[in-house]
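Descriptive structure summary
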Amino acid sequence: MSRSSTRSPAKSTKRRSPKRDAALVSSQRKKEVFGLVLMALALLLTLALVSYDPADDALARAFSWSDAVDPRGNQAQNALGLVGATFAYGLIPRLLGYPVILLAVLLGVWGYVFFRRKTTVFLPLLSALAVVATLLASTFFGWFADGASPTLALWSGDVGLGVAGWMQQVFGAAGSFILLTLFAAVTVLLIVDHDIQVTLDRIEEFVASLRGRTEARWVDAKAAHAERVQKRAALLAERRAERETKQREKLKREKEREREQKAERTRGGEERKPEPRPVAAPPPPIPAPPDDDEVLNDVFAERRTPAKPSPRPVSPRPEPPLHVQGPVQEAEGDLEARQKQPDAAVLSYSFPPIDLLDEPDSSAGVDYDEIEDNKQVLLDKLETYKVEITEINAVVGPTVTRYELTPAPGVRISRITALEDDLAMAMAAPGIRILAPIPGKSAIGVEIPNRHRELVRLRSVLSTARFTDAKMELPVALGKNIQGEVSIEDLSKMPHLLIAGATGAGKSVGLNGLVIGLLYACRPSDLKFVMIDPKKIELGPYQQLLDHFIAMPEDAEDPIITDFMQAAAVLKSCEREMEDRYDLLAEAGVRGIREYNEKVRKGQLDPEDDHRHLPYIVVIIDELADLMMTSGKEVEPPIARLAQMARAVGIHLVLATQRPSVDVITGLIKANFPSRVAFQTSSKIDSRTILDSGGAQQLVGNGDLLYMNGSRMERLQGPFVSNEEIERIVTFIGGQKGAGPYLLPPMSTEEDSVLGPTSEEDRDDLFEDAARVIVRSQQGSVSLLQRKLSVGYTRAARIVDQLEEAGIVGPFEGSKARQVLVGDEQDLDLLLNGEPEEEDSGQ
């Protein structure tokens, strides 16, 4: 032990010094120094070659090392002096000409590789190809320099001239040129890709893309020309139709004038026998003017055929026969005024162009790495719990991806469904949904939200052929399913729709998408909306559609109903409209609105019996919970009755609420709504309230929804429509000439408000207070009395009728407030207290 211990230090001291010396200049350091030397030599050589001057050739030929030590006044023009001139002379005119600069550059590349300690896998092959390319370039210039100017000979050098001359003697001028071109092409291809086939494929792809680009421009030019021709043809057709319409009107006026003259001649003492009225004489056909969508080149121009002209206005409705005094005369005057309004079916109407909607973002794509990672995580997690999967497939949707798992024989489905929470934790997902099994497939579906979700724009749904070519009365664009296909349903067959979800889940956006889709699909003569918005902000922009798509009671003040008490009265008005329509269908002997309108179109029903074209009516309630909390007893019965009976007469309900509880969505309401849309909910209980099953609590929000129609349930991504898009569309429609709102039966049905004027003893107890409120505000509004006096709509409307009989407010003026006829409270006191004294004095 001692001997070994004493010898080891001696050995270590003898061997450490060489190692220390070697460590000072390591192999890596040597490579760096060598690389710097090579780069410096390459730079010097490049300067010498670039600054070559033929005037230095004599000095270069007489060069000796003694001249390098003692130049004796021999000043060369080269940048490196006499040594540089000598090297340039030996490499350019005597060797390969100016292409030899490539070799100097190659020397610098080698130096950089050594200095940076890079790998030299492809550098030897590249160096060999560079040497061959230099020789070929020199030979090419030698082929052209044979017999040419001496300046071109500097680009070939003696070697290039010699090789080119030998090839011309052996292969001839043409053969040598072809061979040189072939060798040069092969060398270039090998330098670019190291594979000739890859380079040829790139060339073919470039030529194909260039050809496709040219063809696309040609097709666009032809399409633009065809569009201009179509626009000119549409304008000519429109002008021709206008001239024909004016001529028909002129002929009609002449015929009326002739009939009046005949009537005057036969009125002189002779009694005319009444002619029998034709029962089913169809009105003279009036061709509809050309649609402006042809001028706009709109894809929706051919979506639906124009509605046939109805023989009467959209909403003529005579007052009930109980009106026997003053109010009867006013109602008859209003009816005559409404009959003078233009018919919505005859007026020219342009569908809104699709360009008013924003284009979808095309940058979003499928992340295949994410899909593969999720597959592996699922398989690993299931394998941990001894669940064997034989096959797994992924169906990528805009919001979620469904992984379809095929379990091995003998694996129970309940074993996979019990792992729902464990799989959600393993995937780090906000929520997953398991379909066990997938309807129509022998597999289990696991729906996992995508990290990068696609924003489904409404334009991407409405511009599809599935929507534009749909043979539906009321097409509703619900969104895109997991397969990326557009889902379209017919509201007339649902026949009603219940929408529910938590705040911020996309309920209001989905409701707006439904309305905009119907505006793109239907004409004003075929569709009307009754909108009830207790929040007063969601449906406000649609007020501009008053003259086109709005239906409202005759005595309503605003096109969008925002008052709670007035909402119940509007629903009862819709209920009476339903009863009136059933009477018309019974008289016509039909069972549905489609057969009825078909008979009206063919002229098989007498217009004198109040038969007319009936549009579909969609009643939209944005927040049902507010109505149910304030006036649930008044609202629930008409909703339930409309849901049970209104389908056949073309009245459909769309109810939306952000509070899906049993006191809002009652059993009576839910039983008549087989079609339901559930957005994200806060709990499984709310999901069961809407869908009678769980699943909505696992949605991810922002338009992610579950659509249930009967026993069928489907997960969709609802389309997004912004407020700016809605504003553009309603502005476009509102700027056109309309026929006015579709008038529903009046809301006030109390007998004391329709039997005539009331006496002072029968006046309401709040009559005088109401009169003072009206005079102070100078606004004869029913809603004003509701707010100031805290009374319901029916009582406030009855008080306004009494104020009109007393001469305090003017008559009913449609959607405008009544005019106040009394200037101030002093005049009101004289009117209320002074008139009886004058009557007594007069007696």
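Quick caveat, the model's predicted, so the values are computed rather than measured. (Residues numbered from 1 in each chain as written. Predicted model: local features only at pLDDT ≥ 70, side-chain atom pairs only at ≥ 80, totals over all residues. Heavy atoms only, no water.)

1. Some thoughts on the side chain of Ser 573
For Ser 573, the location among the structural elements is in helix α19 (residues 564–588). Contact partners of Ser 573, with chain neighbours within four places excluded, come to Pro 553, Leu 744, Pro 745, Pro 746 and Met 747. (Helix = DSSP H or I, 4+ residues; strand = E, 2+ residues; numbered from the N terminus. Contact = heavy atoms within 4.5 Å.)

2. What about unusual backbone geometry?
Residue Pro 437 is reached from Ala 436 by a cis peptide bond, and omega for that bond is -10°. Relative to the elements of secondary structure, Pro 437 occurs in the loop between β3 (433–435) and β4 (444–449). Here the amide bond leading from Met 494 into Pro 495 is cis, since omega sits at -5°, within 30 degrees of zero. Checked against the element boundaries, Pro 495 lands in the loop between β6 (486–490) and β7 (497–500). Of note in this structure, Asp 610 is not a glycine but carries a positive phi near 70°. Within the element layout of this structure, Asp 610 appears in the loop between α20 (593–602) and β11 (616–621). A relative accessible area of 19% places Asp 610 in the buried class. In this structure, Asp 692 is a non-glycine residue whose phi angle is positive, near 65°. (Buried < 20%, exposed > 50% of the residue type's maximum accessible area, 1.4 Å probe, protein only.)

3. Remarks on empty space enclosed by the protein
A water-sized probe, rolled over the atoms, reveals where empty space remains. Taken as a whole and judged by the stated rule, the model has six cavities of 30 Å³ or more. In this model, the largest cavity occupies a volume close to 110 Å³. If you go around the largest cavity, you meet 13 residues; those closest to its centre are Ala 477, Leu 478, Gly 510, Leu 514 and Leu 705. Where the lining of the largest cavity is concerned, the elements lending two or more residues are β5 (475–481), β7 and α18 (507–521). Of the residues contributing to the lining of the largest cavity, the split by class is ten nonpolar, three polar and no charged. (1 Å grid on protein atoms, 1.4 Å probe; cavity = no way out; pocket = protein on both sides within 12 Å on 5 of 7 lines; lining within 4 Å. Points joined across faces, edges and corners; volume = space filled by probe spheres on them. Nonpolar A, V, L, I, M, F, W, Y, C, P; charged D, E, K, R; others polar.)

4. Quick notes on the sheet that holds strand β8 (residues 527–532)
An order of β6-β5-β15-β14-β13-β7-β12-β11-β8-β10 is seen for the ten strands of this open sheet, with the pairing classed as mixed. Both edges of this open sheet fall to β6 and β10 (560–561), since each of them pairs with a single strand only. With four bridges joining them, β7 and strand β13 (residues 675–678) adopt parallel strand pairing. Residue pairing for β13: Leu 497 is matched across the bridge by Ser 675. Along the sheet, helix α23 (residues 684–691) makes contact with β7, β13, β14 (704–709) and β15 (712–717), crossing β13 at roughly 160°. (Pairing = 2+ DSSP bridges. Axes fitted to C-alpha atoms, helices over the stretch in contact; angles between N-to-C directions.)

5. Focus: helix α6 (residues 101–116)
The end-to-end C-alpha distance of α6, which contains 16 residues, comes to 23 Å, matching closely the 22 Å that a straight helix rising 1.5 Å per residue would cover. Those residues of α6 that sit buried are Ala 104, Leu 106, Gly 108, Gly 111 and Val 113. Against the buried residues of α6 lie α2 (27–50) and α7 (123–145). One or two residues past the end of α6 sits Arg 117, with phi positive at roughly 55°. (Expected span 1.5 Å × (residues − 1).)

6. Here's the deal with the pairing of strand β2 (residues 400–407)
With seven of eight residues buried, β2 is to be regarded as a mostly interior element. Hairpin remark: strand β1 (residues 389–396) followed by β2, antiparallel, with three residues in the connecting loop.

7. Quick notes on the packing of aromatic side chains
Tallying each qualifying case throughout the model produces four aromatic pairs. Centre to centre, the rings of Trp 166 and Phe 171 are 6.3 Å apart; their planes meet at 90°, and the pair counts as edge-to-face. On the basis of an interplanar angle of 75° and a centroid distance of 6.1 Å, the ring pair of Tyr 349 and Phe 549 is categorised as edge-to-face. One end of the pair, Tyr 349, is in the loop between α12 (326–339) and α13 (368–384); the other, Phe 549, is in the loop between β8 and β9 (551–553), with 200 residues separating them in the sequence. Here Tyr 349 falls in the buried class, since its relative accessible area comes to 3%. Phe 549 gets classed as buried once you look at its relative accessible area, which sits at 0%. By way of ring pairs, the aromatic residues Tyr 349, Phe 351, Phe 529 and Phe 549 are connected into one cluster. (Phe/Tyr/Trp six-rings, centres within 6.5 Å; stacked < 30°, edge-to-face > 60°.)

8. Remarks on the environment of Ala 569
Its location among the elements puts Ala 569 in helix α19. Taking the C-alpha atoms as reference, Ala 569 lies 5.3 Å from Met 747; in sequence the two are 178 residues apart.

9. Focus on the packing of helix α25 (residues 767–777) against helix α27 (residues 793–805)
Contact geometry of α25 with α27 gives a least axis separation of 10 Å together with a crossing angle of 75°. Here α25 is positioned roughly perpendicular relative to α27, judged by the angle of their axes. Seen from α25, the contacting residues are Phe 767, Ala 770, Ala 771 and Ile 774; seen from α27, they are Ile 799, Gln 802 and Leu 803. Residues that form the contact of α25 with α27 fall into these classes: six nonpolar, one polar and no charged. (Parallel < 35°, antiparallel > 145°, perpendicular 65-115°, else oblique.)

10. Brief notes about the pairing of β11
Here β11 lies mainly inside the structure; six of its six residues are buried. The two faces of β11 match: Tyr 616, Val 618 and Ile 620 on one face and Ile 617, Val 619 and Ile 621 on the other face are all buried. Where β8 meets β11, six bridges bridge the pair, whose relative direction is parallel. If you follow Met 531 over to β11, its bridge partner there is Ile 620. Each parallel crossover has a hand, and for β11 linked through helix α21 (residues 624–645) to strand β12 (residues 651–657) it is right-handed. (Right-handed = clockwise from strand over helix to strand, strands pointing away.)

11. Brief notes about the pattern of salt bridges
On inspection of all chains with the given rule, the structure shows 35 salt bridges. In this structure, the salt-bridge partner of Glu 404 is Lys 441, at a minimum N-O distance of 2.9 Å. Linking Glu 404 in strand β2 with Lys 441 in the loop between β3 and β4, this pair joins segments that are 37 residues apart in sequence. Sharing partners across several salt bridges, the network here consists of Glu 768, Arg 772, Arg 776, Glu 825 and Asp 829. (Salt bridge = Lys/Arg side-chain N within 4 Å of Asp/Glu carboxyl O.)

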